[in-house]
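# Summary of structural features
Listed below, chain by chain, are the residues.
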Amino acid sequence: MGPIQDIHLPVQSAGSLEVIVVGAGLAGCCAALASARNGAHTLLVDAMPYIGGNGVTGLPFSSFRAANANRLVVGGIALEIMNRLQKRGAFSCDIESTEWLPIDNEVLQIELTKMLDEAGVDLLTYSPLLEVNRDGRRLTSAIFYNKENTLSYDAQIFVDATGDAQVAWAAGLSTPMGRQSDGKTQALSLIFVLGGIDESRTPGWDQVQAKWDALREQGSHWRNPRTGVALSGPFRIPGKPGVYSHNVTRILVDKGTDGRQLAEAEKEGRYQLEEFVEDFLKPHIPGYEKCYLTQIASRVGVRETRRIEGLYELQREDLITQRKFEDSIACNSYPVDIHSPIGGNTELTEGFLPPGGYYTIPYRSLVAKGVDNLLACGRCLSASHEALSAVRVLSAAMPTGQAAGTAAALCVLSGEIPSRLDPQNLRRILRKQGSIID
């Protein structure tokens, strides 16, 4: 086999933006909304055809409240999204007293689309990031694959909302991955939704967990390695009786940034969900005898890959001690939740915060080292493996997205770079726009 030749694709100069947000999951959507609403010409790009990321897979949102207390610690655009869903019957819980927040993810896609259009965000989907160009400490342009000409966009500020720190990685920056000891990352899951469940006959999920373990002990050879205590209970989709989303699969891969391994993960997820439904739920759990699949998530859920190296790396101790940073831009109360990279166990530190407790996320964890115009949000912000397991969830991703997008717009308007932006001015604007920051 001869040497691999360079691949040359025709590149079209597609324009100049003030802010480019790469990654249209919920963190990226919030970043783009905040950037545009604060006056910056903003482009939101994603490799997938759809927007919303893990928020449109059937997952419920994690809690917006302080630990075991009826007090919100998440507001801003995230709360606006929930209010819009509630008006459409796509969310029906009391957000101040509910730990998990099930939504109708189909309606979420519609509302996100409307919000982006209302804010004037330019949207580009079906467009994986290919290359990032830089001039010294400044990113200058991003190149995205397109079925016609490959597209190159210039920008003043870039926001990495890819979940994989793909912008930082393509720019040649430091992008730590996984556990500090060996680089291994959390397990993956494939979410699915079942209909036809007889809610009047289903047992409590603790009984379902006990049955799962008992059958394993009796010799059932589940290909899914998750243990009973790690099985997540189902969540009823609002307005759809007998329809529940399930987060029960456990897929082990070495690297969630490798398409070859992700392809195997997608296959394994489908085998595991069929096993769970056909070999476990239907024959063993009352109320599930006539259940059927209504949705398989459009992609496997990746909990952890690369993250940026920021001006500050959030630590587990910061969460446990409920540290209130001077440059805090978001709050959350979700616990450390590590799905083992090598087996079926889950380290879930529920109760690590007292009633009413919460922690904060500093602006410095959104600012990338090594360049002067890159911010990050969502699960690729700067945090240790343990801290990231808590702040990777949607209730943290959205406010960090709003903060990153707001900071990007402020940098455009002021001509300042992110590392020199006044965090107190950022905090003042975030608070004015409904964010809960301390």
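A short tour of the structure in this document, coming up.

Rules behind the numbers
- Residues numbered from 1 in each chain as written.
- Predicted model: local features only at pLDDT ≥ 70, side-chain atom pairs only at ≥ 80, totals over all residues.
- Heavy atoms only, no water.
- Salt bridge = Lys/Arg side-chain N within 4 Å of Asp/Glu carboxyl O.
- Helix = DSSP H or I, 4+ residues; strand = E, 2+ residues; numbered from the N terminus.
- Buried < 20%, exposed > 50% of the residue type's maximum accessible area, 1.4 Å probe, protein only.
- Core = buried A, V, L, I, M, F, W, Y, C linked by side-chain atoms within 4.5 Å.
- Contact = heavy atoms within 4.5 Å.
- Pairing = 2+ DSSP bridges.

## Examining the pattern of salt bridges
Evaluated as defined, the whole model comprises 26 salt bridges. The partner of E199 in a salt bridge is R236, with the nearest N and O atoms 2.9 Å apart. Of this pair, E199 sits in the loop between β9 (192–195) and α5 (205–217) while R236 sits in strand β10 (residues 235–236), placing them 37 residues apart in sequence. On the basis of relative accessibility, which here comes to 32%, the residue E199 falls in the partly exposed class. Owing to a relative accessible area of 34%, R236 belongs among the partly exposed residues under this scheme.

## Concerning the nonpolar core
With 89 residues, the main nonpolar core has F61, F64, I81 and L375 as its most contacted residues. At 12 residues, helix α9 (residues 394–414) tops the list of elements feeding residues into this core. Dropping the residues within four chain positions of it, L375 is found in contact with I157, F158, V159, D160, Y363, L366, V367, A404, A407, A408 and P418. Residues V248, A265, A297 and V302 belong to the second largest nonpolar core, which totals 28 residues.

## Here we look at the sheet that holds strand β12 (residues 292–296)
Across the sheet, which stays open at both edges, the 4 strands sit in the order β10-β11-β9-β12 with antiparallel pairing between neighbours. Strands with a single pairing partner mark the edges of an open sheet, and in this sheet they are β10 and β12. Summarising the sheet, β10 and strand β11 (residues 244–246) pair through 2 bridges and their orientation is antiparallel. Counterpart to R236 in the pairing with β11 is Y244.

## Describing the pairing of strand β8 (residues 150–160)
Most of β8 is tucked away: 9 of the 11 residues are buried. Pairing geometry for strand β1 (residues 11–22) and β8, over 10 bridges, is parallel. By the bridge assignment for β8, G15 is matched with Y153. Sheet topology note: the strand β7 (residues 138–144)/β8 ladder contains 4 bridges and is antiparallel. Paired with A142 across the strands is Y153, a residue of β8. Between β7 and β8, which pair antiparallel and follow one another directly, the connecting turn spans 5 residues. Bridge analysis of β8 against strand β17 (residues 374–376) gives 3 bridges, and the strand direction is parallel. Following the sheet pairing, D160 is matched in β17 by A376.

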